[in-house]
Amino acid sequence: MQSLYLLVPLAPLLGAIIAGLLGRYIGRVWSHRITIALVSVSLLASVIIFLDVLKGNVFNGTVYTWLVSGDTRFEVGFLIDQLSALMMIVVSLVSLMVHVYTIGYMYDDPGYQRFFSYISLFTFSMMMLVMSNNFLQLFFGWEAVGLVSYLLIGFWYTRPTAIYANMKAFLVNRVGDFGFLLGIALILFHFESLDYRFVFEQASDITDKKIELIPGFEWLVITVICILLFIGAMGKSAQFPLHVWLPDSMEGPTPISALIHAATMVTAGIFMVARMSPLFELSDTALSVILVIGGITTLFMALIAVVQTDIKRVVAYSTLSQLGYMTVALGASAYSAAVFHLMTHAFFKAVLFLGAGSVIIAMHHEQNMQKMGGLKQYMPITYWTMFIAALASSGVPGFSGFFSKDAIIEAVHFANIPGAEFAYFCVLTTVFVTALYTFRLIFMTFHGQPRMDSHTKEHLHESPWVVTLPLVVLAIPTVISGWFIGSIVFGDYFANAIYIASAHDAIEKLRVEFTGIGGMVIHALSTAPFWLSVAGIFTAWFLYSARTELPGKIKYALYPLYQLLDRKYYIDELYSWLFAGGTRALGSTLWKYGDIKLIDGFFVNGTARIVAFAASMVRRFQTGYIYHYAFTMIVGIFVILTLWLK
Amino acid sequence: MSFDFPLLSLIIWLPILFGVAVFATGHDRNAQLARYIALTGSILGFMVALPLYTQFNITSTAMQFVENYVWFERFNVNYHIGVDGISMPLILLNCLITPLVVIAGWEVIKERVSQYMGAFLVMSGIVNGVFSSLDAMLFYVFWEASLIPMFLIIGIWGGPNRVYAAIKFFLYTLLGSLLMLVAFIYLYKTSGGSFSIQDYHQLAIPLTPQILIFIAFLLAFAVKVPMWPVHTWLPDAHVEAPTGGSVVLAAILLKLGGYGFLRFSLPITPDASHYLADMMIVLSLIAVVYIGLIALMQADMKKLIAYSSVAHMGFVTLGFFLFDAYGVEGAMVQMISHGFISGAMFLCVGVLYDRMHSRQITDYGGVVNKMPIFAAFFMLFAMANAGLPGTSGFVGEFMVIMSTMKISFWYAFFAALTLILGAAYTLWMYKRVIFGQVTNSAVEELQDISKREFVLLAILAVLVLWFGVYPFPLTEVMHATVDQLIVHVNSSKL
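Visitor: Which residues make up the overall build of chain A, and what values do they have?
Guide: In terms of regular secondary structure, chain A is built from 28 helices and four strands. Taken over the C-alpha atoms alone, chain A extends approximately 125 × 65 × 60 Å along its principal axes. Residues counted as buried form 55% of the 646 residues belonging to chain A. Here the analysis covers contacts within chain A between residues at least 6 apart in sequence; of these, 81% occur between residues at least 24 apart.

See the structure below:
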C-alpha cells in the first residue's frame, strides 16, 4: 500500500518531467498520452487508497528525512486518512478530466506540451499538499501550487494582462504565505515539532499560553497561530481582502481556471483549516474571524458577479462566493460540511468552467455574454451539462450543491459564537444572488436571440468529444455526489480526521435532525433558502429572458451602485495606489536618500573628500623650494631654542 | 588515503600552481592553451577537494585534515591548516564555482585571457587558504591576498566605471580589515604569544576588551558580507565586474565575511556577541527590508541582483546571532545556497549581456519568445531567489525564520517580509525582461543559450533543486561543529 501512496504524487510528476523536458522530442500526441496515462494511474491509486481507507486503514508515516537541525527532524511524509483520501479522489478526477479536455481546448496552441507539463506538475504539487503529514511539506505544496498557478495564469506570456495577473496572483498569495509561515514558526516554537499528529496531541497543553504582541495587549498563543494560518488560507482561497488575484487569474487558459482556480487549488485553504481543526477548535476568536471574513466574501463577491458580462468572470466571482460559503462553514465548526461543499463545488464549478470554455471555443474566443445568446440549439451537450451545474450551484433540491449548501446554512444558523448572525445573514441572502447570477449566465448565453456576428454564427457547433466527455463525466457527480451527505457530513465518515469541540455543536444538532436525503429535500421546501433560490432563478428568467430591456434600465436607475459593483468596490485601485505605489515610493526614497545621498554621498565619498582635502592642505607645505624649507627650519630652531632655554 | 597526506595543502596550492602555469602562457595568441590549462586546473581542484567530503568524519568536533608546520618561529606563526563542518562545505562550494567561472569566461573573454583565467585560479586557492587557516597570521595573509585578484578582475576586465568600483572595493574592504589585524595583535599579546585561532577560542577575556575586539572583527566581516550600512561597495563592484567576477564575488567572497563571524567573532568574543546581538539582528533585518525595498527600484539587472544579495546575506548574519542550531545551520545553508543562486543569477544576466551589451531592464522585454530554454532556467533561479520551497533558496531562510521566532515575534515578522519583497523584486524584473511581446529589434535577434551556457546553468539548476528537495547531506556535515559552537558561544568567558 505504501508504494501506492508514493505513486499518487510521483506519477503526475513523472508526466510533468517527460512532457516538460522531452515534449519537443516526443511531440504533442505522446505528451498528452503519457501525462493522461500517468494521471489516470494517480486516479486509480487514489481510488484503491480510498477504498482501503473506508475499511479504516489510516496511514501516517515518513517518506524521508528532509533535514535535521538541533533536536528537530523535518520530514517528508504522508497522512492518509478520510480527509486526504477524499481530496485525492477529487483532485485526481478533476485533473484527469481537465487533461482530456485540454486536448480539445489547446489543440492549436504552440505551448501544448508545456501546458500538459504544467497541469501534471500541478497535480503533483496538490497531492503533496493534501497528503502531507506535517506543516513543512504542507508549505511546500502550498507554494508549489502557487508557482504552477503563476506559470499557468501567465501561460500566454505575450499578453500584458496575463503577465500582470500572474505576478499579482503570486504576490498576493505571498502576502498570505507570509502569515502562514509565521504561524508555522509559532507552532514550531511552541511545540518543537511540525508533525501534525504530535502538534494536535499537544495542542490542549498550550491553551493557556499568552503572547504579548503589542505591549499591554495579551493574546492567546493559539488564537494568534490560528489567525496567522488563516491568513495563509485567505491568500490561497481568495478570501476578502486577499481575494483580488482570483478574478484576474481568468487571464489563464480556461482548463486551468477550472482545475486550479475553481476546483482544487483555491480550496487548499479550506482543506488546510479543516485539517487543522484540532487547533482552530481551541480558539473561538479565530473562528469568529473566519465567520466574518467568510460572510463578507460570500455576499459581496456574489453581488459583483451579477454585473459581470465576461462569462468566465461571472464564474470566477461565483467561485469566490462559494469559497466564502466554505469558509463560513469552517467558522461554524462545520468542517465536514465545508469539505463536502468543497467536493460538490469542485464538480459543479468544473462543469461550469469547462462549459464556459466550450462556449468560448464555439464563439472563437469571445467571452462577452452580450454577444452570445441562443447557443442552446447549437451546443446541446454543453447546454444541458451547464444547466445541471447551474441547478446544483443555485442549490435546487436534489442536486449536489443543495445538500452541501443547505448543511452550511443550517450549521451557521446553529452556531453560537460572535459573528455567526452576520455570517448567517450573508449566506442566506447570497442564495438569492447566486441563483440570479447563475441563471443570468444561462439565459444570456444559451437562450433568447443570437447576438453574435454572422461569421461566428455560421460556424457555431458543439465542441469535439474530448471537450464534451469531461463535461458529461463531471455532470454525474454534479448530480449525485450530494446524496452521500448522510455519511460524509452527518455520519462517521471523517471519524478522527476532524475534531470538533463539544461546545461547537452545530453539526451535532443537525445530525440529530437529519432523517435521510429524502427528508432533507422535503424539509427544504418549507425553508427560506429554497424559496430564495427559486426567487433568484425567477428573477433571472424575468430580467434576462422575458423582459430583456429591463436590466439596462435598472443599470441607469441605480448607476452609482452599478458602478461600485462594476469597479469591484474600487479595491484594486486602492491596492495599486497604496501597496504597489507606496512600496515603490518607499523603495525609491530609501535608495535616493539613504544609499546614494547619505551612505555613499556623505559617509563614503565624504570620507574620501575629507582625506583629499586634508592631503591638499598638507601638500602645500611640500613646495619643493629650498628657501621655504630653510625658513621653516629656522622658525623651528627658534621655537625649540625658546622652549629649551626657558 | 591516510590523513598524513597533505590533502588540504594540495587543495590550496594546486589551483595556485595551475594559475601560475596559466599566467606563463602569456600572450593572447596562446589563449586557447591558457583556457585549457585553466579548465584542467579548476576541475582537478574540484576533484582533489572531493575527499574532504567523502573522508570527513561527521561525528567529530575536532579540526580534520590538519597540517601544522612552523612558519616564523620568532613570532610563533605557523602554517596551521585544517577544516571542520563549517569550513568544509565552503571550500567545496569554492572549488565547484571555479570551473564554472572558467567555462563562463571561455569565449567571452578575448583579451588578456591568460591573466583573467590565472587570476581566478589563484583566487580559488587563496580562498581555500582563508577557509582552512587555523593560524591568525596565515588567515590574515590569505584574507588580504584575496583582494588582489578581484581588484584586478574588476579593474581590468570591468565596465566603463571600473576604476572607481575597483578602488572602492579595495579600500572599503582593506580599511575594514585593518582593525582585525590590531585585534590579532592584541590577542597575540594576551594569549602569551600565540596566533593559534583555537587558542583564542579558549582565551578568557573581560567584557570591555571583548566588545572592542568584536567591533574590530565586525568592521572587517561586515564590509565583506556586506551588512547594512557598509554595503554600498557591492552594487558598484558587481555592476562593473565581468560576469565571472560577479559570480565569484557573490558566490564566494561574500562568504568570507560570514565565515569570519563563525570562526572569530562568535567563539572568541561570545559575551560581546550576546551583548550586541540585538544590534546585529536589527542591522540584519534592515538589510532584509530596507535593501529589499531598494532592490525593487533598480533599473539595472546586476544592481538589482547585487542588492538582492545583500538582502539574502542579511539572513546569514541574522541566523548567526540567534545562537541556536536552526539559526546557525540555516545561515550556513543560506551561504551555500546563495552561492548557487546568486552565481546562477549573475550568469543569467551575463548570458543576456553577452548578447545585448546592456544590463538595463528597459532594454529588454519578450526575451522568452526568442530564448525559451534560457527563460526556463532563469525562471527556476528567479523562483529560488524568491525562496520557493523545493529550491535551496528556501531552506536557509526557512530555518532562520523559524529560529528568529524563538527570540521575538516581531523580528520574525520583519524577517518573513522577505517572502513578499523577494518575490516582488525578482518576479517584477523577470516579468519586464522575459515576458511580453518582443520589444525591439535587438531582442528579436537573440539566440538561445549555447551548449556551454546550458552546461553551466544545468549544473547549478541541479544543485539548487537537489539541496531544496534533500538538504540533509549538507546539514549533516555541519551538525557536530555547529552544536559544539553553540555550546561554546552560550558559555561565558568572563
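Visitor: Help me get a handle on the overall build of chain B, residues and values and all.
Guide: Helices and strands together make up the secondary structure of chain B, namely 23 helices and two strands. Its C-alpha atoms give chain B a radius of gyration of 21 Å, within 12% of the compact-globule value 23 Å for 494 residues. Seen through its principal axes, chain B has C-alpha atoms that stretch 70 × 55 × 40 Å. For chain B, the residues scored as buried account for 63% of the 494 residues in total. Pairs at least 24 apart in sequence give 81% of the contacts found in chain B among residues at least 6 apart.

Visitor: I'd love a proper account of the nonpolar core, names of residues and values included.
Guide: If you look at the biggest cluster of nonpolar residues, it comprises 436 residues, and the most contacted ones within it are Ala350 and Ala411 of chain A. Apart from the residues within four sequence positions on either side, Ala350 of chain A is in contact with Val94, Met97, Ala258, Ala262, Ala263 and Leu474 of chain A.

Visitor: Provide a residue-level description of the pairing of strand S1 (residues 59–69) of chain A, including the pertinent values.
Guide: Residue and element names in this part refer to chain A. In this sheet, strand S2 (residues 72–80) lies alongside S1 in antiparallel orientation, the contact comprising nine bridges. Bridge pairing links Leu67 to Phe74 in S2. Hairpin connection from S1 to S2: two residues lie between these consecutive antiparallel strands, with Gly70 at a positive phi of about 60°.

Visitor: Outline the interface of chain B and chain A, listing residues and values.
Guide: Listed per partner, the contact involves 41 residues of chain B and 43 residues of chain A. Elements that contribute at least two residues to the side of chain B that touches chain A include exactly helix H13 (277–296), helix H15 (325–356), helix H17 (392–407), helix H18 (409–416), helix H19 (418–434) and helix H22 (472–476) of chain B. At seven residues, H19 of chain B tops the list of elements feeding residues into the side of chain B that touches chain A. Grouping the constituent residues of the side of chain B that touches chain A by class yields 31 nonpolar, seven polar and three charged.

Visitor: Any chance you could break down helix H4 (residues 112–131) of chain A for me, citing the residues and the numbers?
Guide: An α-helix turns once per 3.6 residues; consequently, residues spaced three or four apart project the same way. For H4 of chain A, with 20 residues, the first-to-last C-alpha span of 29 Å sits near the 28 Å given by 1.5 Å per residue. Most of H4 of chain A is tucked away, with 20 of its 20 residues classed as buried.

Visitor: Just give me the short version of the packing of helix H1 (residues 2–21) of chain A against helix H2 (residues 23–54) of chain A, but keep the residues and values in it.
Guide: Residue and element names in this part refer to chain A. It is at 8 Å that the axes of H1 and H2 come closest, and there the two elements cross at 170°. Put simply, H1 runs roughly antiparallel to H2. Residues Leu4, Tyr5, Leu7, Val8, Ala11, Pro12, Leu14, Gly15, Ile18, Ala19 and Gly20 of H1 pack against Gly23, Ser31, Ile34, Thr35, Leu38, Val39, Val41, Ser42, Ala45, Ser46, Ile48 and Ile49 of H2. Here the residues of the contact of H1 with H2 are counted per class, giving 16 nonpolar, seven polar and no charged.

Visitor: Can you tell me about unusual backbone geometry, naming the residues and giving the values?
Guide: Note the cis peptide between Phe240 of chain A and Pro241 of chain A, where omega equals 0°. Looking at the element boundaries, Pro241 of chain A is found in the loop between helix H8 (221–236) and helix H9 (245–248). For the bond running from Val225 of chain B to Pro226 of chain B, omega is -15°, close enough to zero to count as cis. The topology assignment puts Pro226 of chain B in the loop between helix H9 (207–224) and helix H10 (233–240). One non-glycine residue, His365 of chain A, lies in positive phi territory at about 65°.

Visitor: Explain helix H10 (residues 254–263) of chain A residue by residue, including any values.
Guide: Most of H10 of chain A is tucked away, with 10 of its 10 residues classed as buried. Residues of H10 of chain A that are buried include every one of Thr254, Pro255, Ile256, Ser257, Ala258, Leu259, Ile260, His261, Ala262 and Ala263 of chain A, and no others.

Visitor: I'd like a rundown of the packing of H15 of chain B against helix H16 (residues 372–385) of chain B, residues and numbers included.
Guide: Residue and element names in this part refer to chain B. In the contact formed by H15 and H16, the axes pass within 9 Å of each other and the chain directions differ by 145°. Crossing geometry of H15 relative to H16 is assigned as left-handed. Across the interface between the two elements, Ile341, Ala344, Met345, Cys348 and Val351 of H15 pack against Phe374, Phe377, Phe378, Phe381, Ala384 and Asn385 of H16. Considered class by class, the residues forming the contact of H15 with H16 number 10 nonpolar, one polar and no charged.

Visitor: Please provide a residue-by-residue account of the pairing of strand S1 (residues 64–72) of chain B, values included.
Guide: All names here are of chain B. Where S1 and strand S2 (residues 77–83) come together, six bridges link them in antiparallel fashion. Bridge assignment links Phe72 to a residue of S2, and that residue is Val77. Once S1 ends, the chain turns through four residues before running back antiparallel as S2, passing Asn76 with a positive phi of about 60°.

Visitor: I'd like to hear about the environment of Thr632 of chain A, residue by residue, with values.
Guide: Position of Thr632 of chain A among the secondary structure elements: in helix H28 (residues 626–645). Along the sequence, Thr632 of chain A and Phe621 of chain A sit 11 residues apart, while their C-alpha atoms lie 9.6 Å from each other.

Visitor: Can you tell me about the environment of Ser95 of chain A, naming the residues and giving the values?
Guide: Relative to the helices and strands, Ser95 of chain A resides in helix H3 (residues 82–105). Separated by 53 residues in the primary sequence, Ser95 of chain A and Ser42 of chain A have C-alpha atoms spaced 9.9 Å apart.

Visitor: Got a sec to walk through the confidence of the model for chain B? Specific residues and values, please.
Guide: This prediction gives chain B a mean pLDDT of 90; 99% of its residues lie at or above 70. With pTM at 0.91, the complex prediction returns an ipTM value of 0.91.

Visitor: Residue-level account of the environment of Val108 of chain B, with values.
Guide: Residue and element names in this part refer to chain B. When you line up the elements, Val108 lands in the loop between helix H3 (87–104) and helix H4 (113–132). Separated by 246 residues in sequence, Val108 and Asp354 place their C-alpha atoms 7.3 Å apart. Other than its neighbours up to four places away in sequence, Val108 contacts Thr243 and Asp354.

Analysis parameters
Residues numbered from 1 in each chain as written. Chains lettered and ligands numbered in written order. Predicted model: local features only at pLDDT ≥ 70, side-chain atom pairs only at ≥ 80, totals over all residues. Helix = DSSP H or I, 4+ residues; strand = E, 2+ residues; numbered from the N terminus. Buried ≥ 20, exposed ≤ 12 C-beta atoms within 10 Å, placed from the backbone. Contact = placed C-beta atoms within 7 Å. Rg over C-alpha atoms; globule rule 2.2 N^0.38 Å. Core = buried A, V, L, I, M, F, W, Y, C linked by C-beta atoms within 7 Å. Pairing = 2+ DSSP bridges. Nonpolar A, V, L, I, M, F, W, Y, C, P; charged D, E, K, R; others polar. Expected span 1.5 Å × (residues − 1). Axes fitted to C-alpha atoms, helices over the stretch in contact; angles between N-to-C directions. Parallel < 35°, antiparallel > 145°, perpendicular 65-115°, else oblique. Left-handed = near helix turned anticlockwise from the far one by under 90°. pLDDT = per-residue confidence, 0-100.

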